[in-house]
Amino acid sequence: MQPVASPAHRFRRLRQSPALRAMVQEVALTPADLIWPVFVRDGVGVREPIASMPGVERLSIDNILRAGEEAAGLGIPAICLFPYTDPSVKTVTCEEAWNPENLTNRAIRALKAAVPDIAIMTDIALDPYNALGHDGLVVDGTILNDETVEALVKMALAQAEAGADILGPSDMMDGRIGAIRSALEGAGHQGVAILSYAAKYASAFYGPFRDAVGASGALKGDKKTYQMNPANSDEALRLVERDLREGADMVMVKPGMPYLDICRRVKDAFGAPTFAYQVSGEYAMIRAAAQNGWIDGEKAMMESLLAFKRAGCDGVLSYFAPAAARLMRAG
Ligand code: PBG
């Protein structure tokens, strides 16, 4: 038998010990890369489990403050608030969305006062307040763009007034970034950042989230007339370019894992701060498989989060944020 010729490169050389592997590691995940999405509900002392998102709970504002303190202690820089709105205040005109005293705005003020160091991100879209479950105003079965943008501007101003640091328009209406940006400038909120959900796909992976915010029952049909077709990638770049031009400071790709190619293209094309949202369905899949003993939940969590950094993201919104940060702290 002929001896095998020595390969010029033995890539395994640099994989043979933890020290060598650490030396040549290209990207790393830190708690500062995480944004923690939390669900707020009314009440006091409430922690309400969400069946389709094991380990995630709807929290009353007092417990949101506890979450804020926990995040700050773990080095997580931002929390993103999503309201579970009582069905009795949902209407087709959605005015609860810009009520200065709505759940989100009360939570922002309380969190700002109690944990001033943490950045507060919000969601701008009408779905938590809409009796019809859509992100926009619906008239005769059609989602109206420009009328919705006017409503979103009012919602944005109320959140900025309450003290939000980062506004996250997630509605996918056209023109909303420019409209919100000029309204913020006009109202003296020059320092409020916009993280645009620029490339948001019409995805089946949002299912558990709609349970969490209580929107599943209300929504009829789908969101395909405003959220993107999962088959498209060039369109994502055009949307990101448009939103950056209209005044977005940061952009997001959503969902996360099935769209890492989009993250990479966006980062390479614009070099802007780029985030991904590891959405509820992605979280639920990993948790469910782990609960069944089919995968190692902690390892899958960390691998999935690291993948976003490799794909070019500056950070990731993830329901795993506190668990992942705790694990990183532990070592
Ligand atoms: C609403 C909104 C959605 C999510 C964030 N903001 C749901 C949707 O568009 O239907 C999904 C987040 C998740 O699934 O974790 N505008």
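Residues numbered from 1 in each chain as written. Predicted model: local features only at pLDDT ≥ 70, side-chain atom pairs only at ≥ 80, totals over all residues. Heavy atoms only, no water.

Novice: Help me out: how do you make sense of the pairing of strand E5 (residues 119–124) in this one?
Specialist: The side chains of a regular strand alternate between both faces of the sheet. Of all six residues in E5, five are buried; the element is thus mostly enclosed. Pairing geometry for strand E4 (residues 78–83) and E5, over four bridges, is parallel. From the neighbouring strand, Cys80 faces E5, where its bridge partner is Met121. The parallel pair E4 and E5 is bridged by helix H3 (residues 103–114), and the resulting crossover is right-handed. Pairing of E5 with strand E8 (residues 166–169) involves four bridges; the strand directions are parallel. From the neighbouring strand, Asp123 faces E8, where its bridge partner is Gly168. (Buried < 20%, exposed > 50% of the residue type's maximum accessible area, 1.4 Å probe, protein only. Helix = DSSP H or I, 4+ residues; strand = E, 2+ residues; numbered from the N terminus. Pairing = 2+ DSSP bridges. Right-handed = clockwise from strand over helix to strand, strands pointing away.)

Novice: Sorry, what's going on with helix H9 (residues 280–291) here?
Specialist: For the α-helix, the turn length of 3.6 residues means that residues three or four positions removed from each other point alike. Taking 1.5 Å of rise per residue, the twelve residues of H9 would be expected to cover 16 Å, and the 16 Å separating its terminal C-alpha atoms lies within 8% of that figure. Taken as a whole, H9 has its buried residues at Ser280, Gly281, Glu282, Tyr283, Ala284, Ile286 and Ala289. Among the structural elements, helix H6 (207–212), strand E11 (274–278) and helix H10 (297–310) are those in contact with the buried residues of H9. Directly beyond the C-terminal end of H9, a positive phi value near 75° is found at Gly293. (Expected span 1.5 Å × (residues − 1). Contact = heavy atoms within 4.5 Å.)

Novice: Before we go on, may I ask you to explain unusual backbone geometry in this structure?
Specialist: Across residues other than glycine, the phi torsion is negative in most instances, and most of the peptide bonds are trans. In the segment running from Lys254 into Pro255, the intervening peptide bond is cis, with an omega of -5°. Tracing the sequence through the fold places Pro255 in the loop between strand E10 (250–254) and helix H8 (260–270). A positive phi angle, near 50°, is found at Asp140, a position not held by glycine. Relative to the helices and strands, Asp140 is located in the loop between strand E6 (137–139) and strand E7 (142–144). The class of Asp140 is exposed, set by a relative accessible area of 78%.

By themselves, these figures tell us nothing about what the structure is for.
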